[in-house]
Every structure is written in C-alpha cells, then in structure tokens.
Amino acid sequence: MVRFKNRWLLVEFVDTSTVDASAEKESLSTRPLDGRLIYNALRDSVVTNFGDTGWGAVGMSLNVKYFSPLTNLCIIRVARDQHRIAWGAVTLLTSIHDVRVIPRVVHVSGTIKHTQLSAIAHNREVIARFRTKLKNTAFHHDSYDDYLARSTREIEALHD
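Conventions adopted
Residues numbered from 1 in each chain as written. Predicted model: local features only at pLDDT ≥ 70, side-chain atom pairs only at ≥ 80, totals over all residues. Heavy atoms only, no water. UniProt positions renumbered as here; feature names shortened; annotations may be inferred. pLDDT = per-residue confidence, 0-100. Helix = DSSP H or I, 4+ residues; strand = E, 2+ residues; numbered from the N terminus. Phe/Tyr/Trp six-rings, centres within 6.5 Å; stacked < 30°, edge-to-face > 60°. Pairing = 2+ DSSP bridges. Salt bridge = Lys/Arg side-chain N within 4 Å of Asp/Glu carboxyl O. Expected span 1.5 Å × (residues − 1). Bend = angle between axes of the 7 residues up to and from the residue. Buried < 20%, exposed > 50% of the residue type's maximum accessible area, 1.4 Å probe, protein only. Axes fitted to C-alpha atoms, helices over the stretch in contact; angles between N-to-C directions. Parallel < 35°, antiparallel > 145°, perpendicular 65-115°, else oblique. Left-handed = near helix turned anticlockwise from the far one by under 90°. Contact = heavy atoms within 4.5 Å. Nonpolar A, V, L, I, M, F, W, Y, C, P; charged D, E, K, R; others polar.

- Under an unreviewed UniProt entry, the protein has the name Ribonuclease P/MRP protein subunit POP5 and belongs to Suillus plorans.
- Regarding the protein, the UniProt comment filed under Function (unreviewed entry) reads as follows: "Component of ribonuclease P, a protein complex that generates mature tRNA molecules by cleaving their 5'-ends."
- Of the protein, the UniProt comment under Catalytic activity (unreviewed entry) reads exactly: "Endonucleolytic cleavage of RNA, removing 5'-extranucleotides from tRNA precursor."

If you want it as structure tokens, here you go:
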C-alpha cells in the first residue's frame, strides 16, 4: 500500500488596509473570503508564475483545508514533492478576490498534527493581540473565548 506524503502550509493573510492606516477600506475579516476563493487565487498564482506545468504538478494535491476569517489563518495541503511550487505561489499572491493581502507562511510541516498545534497557538497569539488593542477587555472576553474554543475544535477535527 502506498502512502501519499504531504506538506501542510499554515498561512496568515495580512490585510494591507490594516498595514496602511490611511486606507479607508473595510477589514479582511468583514469581507466574504472563504477556502474556495483562496484556492482559486492559488490556482491563478501557480498558473501565472509557474505555467501549466506547475499547475499540472501541484493541481491534484493542492487543497485548502481550513480558513478562519477572523484571524485570516489558512491551512493548505500539498504533495511533498511539489510543496515549494505551492509555497512560491502563496508568497507571490498579492490579492484574493480583489482584496489586497500580504501572505505570511507561519509554519510548514509534514504532519497535520504539528500544523494543528501551530495553528491553535497562532490563533491564541492573534486573539491576545486583539484583546490588548481593546480598551474594555471584559466586554469582548466571552466572544473571543467562544471563538477560541470553536476554532480549536474545528482545527482538531481536520483529518488527512
């Protein structure tokens, strides 16, 4: 029996409107992004930067397993031999569905378990940053705790 070897990319999409304070756009978390739109943007990036040969190598194994619109965190699965093509395509992304983003690869792993642990830790860091930005942390305490519990369950439920 042959086992397929994968690489798991944990990617954070940084919204450029939060980087540029003068921009008056709505934040990425309020826009309707989902895994399908990210997959389509990745496909276009692979075809644009690596051609049909790159898409032929990556296309069958590329899969967006998880996306959180609140923390802009995404888990992508790709075959081990072609993970550098997918990583390059992610890095070269500039926009997803007309939303300007800066992708940041947070973690690359050979197992989903280590990617899950890294995603949960990253979610906690992002929520801690959100809480420090708020002046009244008691007001949003329950909603962030609920989000952390829900996202942890969703991430742990992912399977290869």
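## Focus on the confidence of the model for the protein
Next, step 1: In this model, the protein carries an average pLDDT of 86, and 86% of its residues clear a pLDDT of 70 or more.
Next, step 2: The least confident element of the protein, judged by mean pLDDT, is helix α1 (residues 16-19) at 68; the most confident is helix α3 (residues 83-91) at 97.

## So, the packing of aromatic side chains
Next, step 1: Across all of its chains, the model carries two aromatic pairs by this definition.
Next, step 2: Seen in terms of ring centroids, Tyr-39 and Trp-55 are 6.2 Å apart; in terms of plane orientation they differ by 70°. Their pairing is edge-to-face.

## A look at the sheet that holds strand β2 (residues 63-68)
Next, step 1: The strand order across the open sheet built from five strands is β2-β3-β1-β5-β4, with neighbouring strands paired in antiparallel fashion. The open sheet has two free edges, formed respectively by β2 and β4 (95-96), since each of these has just one partner strand.
Next, step 2: With eight bridges connecting them, strand β1 (residues 6-15) and strand β5 (residues 99-109) associate as antiparallel partners. Residue Leu-9 lies in a different strand from β5, and its bridge partner there is Val-108.

## Quick look at the pattern of salt bridges
Next, step 1: For the coordinates displayed, the defined rule picks out three salt bridges.
Next, step 2: Glu-12 is paired through a salt bridge with Arg-104; the nearest N and O atoms lie 2.8 Å apart. Of this pair, Glu-12 sits in strand β1 while Arg-104 sits in strand β5; the two residues are 92 residues apart in sequence, bridging distant segments of the chain.
Next, step 3: A salt bridge links Arg-131 to Asp-145, with the shortest nitrogen-to-oxygen separation between them at 2.5 Å. You can see Arg-131 sitting in helix α4 (residues 112-133) and its partner Asp-145 sitting in helix α5 (residues 137-156), a full 14 residues away along the chain.

## Observations concerning helix α2 (residues 35-58)
Next, step 1: For α2, built from 24 residues, the straight-helix expectation of 34 Å at 1.5 Å per residue is missed by more than 12%, its first-to-last C-alpha distance being only 17 Å.
Next, step 2: A bend of about 130° at Phe-50 is the largest found in α2.

## Notes on the pairing of β1
Next, step 1: Counting buried positions along β1 gives eight out of 10 residues, so the element sits mostly inside the fold.
Next, step 2: Pairing of β1 with strand β3 (residues 73-79) involves seven bridges; the strand directions are antiparallel. In the sheet register, Glu-12 faces β3, and the bridge partner there is Leu-73.

## Focus on the pairing of β5
Next, step 1: As judged from the two bridges shared by β4 and β5, these two strands associate in the antiparallel manner. Within β5, the position partnered with Ser-95 by the bridge is Arg-100.

## Observations regarding the packing of α2 against α3
How two helices pack is summed up by the angle between their axes together with the distance between the axes.
Next, step 1: Running from N to C, α2 and α3 cross one another at 165°; their axes reach a closest spacing of 8 Å. Accordingly, the angle class assigned to the pair α2 and α3 is roughly antiparallel. Crossing hand, α2 versus α3: right-handed. Seen from α2, the contacting residues are Leu-42, Ser-45, Val-46, Phe-50, Gly-54, Ala-57 and Val-58; seen from α3, they are Ile-85, Ala-86, Gly-88, Ala-89 and Val-90.
Next, step 2: Considered class by class, the residues forming the contact of α2 with α3 number nine nonpolar, three polar and no charged.

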